[in-house]
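A closer look at the structure
Chain by chain, the residues run as shown.
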Amino acid sequence: MSAAATLVLAAASVWLTAAVSLSIIDQRTRTLPTRVIWPTAAAVWMLYSIAALISGVPGGLRDAAIGALVCGTPLVAIHLIHPPSMGFGDVRFGVLNGLLCGWWGWHVALVGLTAGFFIALPEALVVMVRHGPRSGRPLGPYLAAGTAAAVGWAMATSGVVPAG
């Protein structure tokens with residue numbers, strides 16, 4: 001395994017540790033703390049930066065930044081239009097998830113975000129039927145699951161360090 005691949009796997013491991021912690025916190029408190037999200041994003045960015053330098057393929061780093069933007073933009077729009085429907089912790093977590101997925105392309109980030117919403121849909125419908133349309137559930141665990149699925153798919157189909 002190359003050094004760049006080891007660094008990308010380390011970034012994914014850092015994210016996974018934070019995502020599990022954030023999912024538990026969100027389930028218990030319905031918050032996603034900034035003090036966990038931004039240091040994790042910084043660690044992922046640093047590891048990706050070194051991996052891009054070692055591999056000589058800076059496209060993954062550029063795509064990670066685009067992935068963060070692709071995931072953060074619709075979430076911040078939802079938050080600004082109707083803040084009770086999505087907390088800003090979900091927006092920050094979406095940016096982190098987009099950063100992680102974006103290494104394999106902005107489309108993977110979009111797949112991860114979309115997968116998270118699709119995974120949340122069955123429970124959201126049940127909660128809405130039982131408790132009414134104004135009820136809600138933490139979104140963080142679903143965003144994490146969608147991101148994990150997208151990253152797993154990307155690693156399996158494109159490799160840990162995609163070419164070009």
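The coordinates are above.
Owing to the predicted nature of the structure, the values given are computational and were not obtained by experimental measurement.

Rules used throughout
- Residues numbered from 1 in each chain as written.
- Predicted model: local features only at pLDDT ≥ 70, side-chain atom pairs only at ≥ 80, totals over all residues.
- Heavy atoms only, no water.
- Helix = DSSP H or I, 4+ residues; strand = E, 2+ residues; numbered from the N terminus.
- Buried < 20%, exposed > 50% of the residue type's maximum accessible area, 1.4 Å probe, protein only.
- Areas by Shrake-Rupley, 256 points an atom, 1.4 Å probe, with all protein chains shown as cover.
- Lys, Arg positive; Asp, Glu negative; His and termini not counted.
- Charge placed at Lys NZ, Arg CZ, Asp CG, Glu CD.
- Core = buried A, V, L, I, M, F, W, Y, C linked by side-chain atoms within 4.5 Å.
- Expected span 1.5 Å × (residues − 1).
- Bend = angle between axes of the 7 residues up to and from the residue.
- Contact = heavy atoms within 4.5 Å.
- Axes fitted to C-alpha atoms, helices over the stretch in contact; angles between N-to-C directions.
- Parallel < 35°, antiparallel > 145°, perpendicular 65-115°, else oblique.
- Nonpolar A, V, L, I, M, F, W, Y, C, P; charged D, E, K, R; others polar.
- Patch = residues over 30% accessible without salt bridge, like charges linked within 9 Å, V, L, I, M, F, W, Y side chains within 5 Å.
- Salt bridge = Lys/Arg side-chain N within 4 Å of Asp/Glu carboxyl O.

**A word on the overall build of the protein chain**
Counting its regular elements, the protein chain contains six helices and zero strands. When its helices and strands are written in sequence order, the protein chain yields α-α-α-α-α-α. For the protein chain, the C-alpha atoms occupy an extent of roughly 50 × 30 × 25 Å along the three principal directions. Every one of the 164 residues in the protein chain was classed for burial, and the buried ones make up 45%. Total accessible area on the protein chain is roughly 8,200 Å²; 71% of this is exposed by carbon and sulfur atoms. Positive and negative side-chain charges in the protein chain, numbering 8 and 4 respectively, have mean positions lying 7 Å apart.

**Focus: the nonpolar core**
Residues W15, V44, Y48, F93 and W104 are the most contacted members of the largest nonpolar core, which totals 42 residues. Elements that contribute at least two residues to this core include exactly α1 (3-29), α2 (34-55), α3 (59-81), α4 (88-102), α5 (106-131) and α6 (140-158).

**Focus: α5**
With 26 residues, α5 extends 36 Å from end C-alpha to end C-alpha; this agrees with the ideal 38 Å at 1.5 Å per step. The principal kink in α5, of about 40°, is found at L121, preceding the proline P122 by one to four residues. Listed as buried for α5 are V108, A109, G112, L113, G116, A120 and V127. Check the buried side of α5 and you find it contacts α3, α4 and α6.

**Overview of the packing of α1 against α2**
Between α1 and α2, the shortest axis-to-axis distance is 8 Å and the interhelical angle comes to 170°. Here α1 is positioned roughly antiparallel relative to α2, judged by the angle of their axes. Contact residues: α1 offers A3, A4, L7, V8, A10, A11, V14, W15, A18 and L22, while α2 offers V36, I37, T40, A43, V44, L47, Y48, I50, A51, I54 and S55. When the residues that make up the contact of α1 with α2 are grouped by side-chain class, the tally is 19 nonpolar, two polar and no charged.

**Considering the packing of α2 against α3**
Interhelical geometry of α2 versus α3 gives an angle of 150° and a closest axis separation of 8 Å. Between α2 and α3, the angle falls in the class roughly antiparallel. Contacts between α2 and α3 involve W45, Y48, S49 and A52 from the first element and L61, A64 and A65 from the second. Residue classes in the contact of α2 with α3 are distributed as six nonpolar, one polar and no charged.

**Concerning a nonpolar patch on the surface**
There is a patch of nonpolar side chains on the surface, built from F118, L121, L125 and M128 and spanning about 390 Å² of accessible area. Summarising the element assignment, L121 is placed in helix α5. For L121, a relative accessible area of 40% puts it in the partly exposed group.

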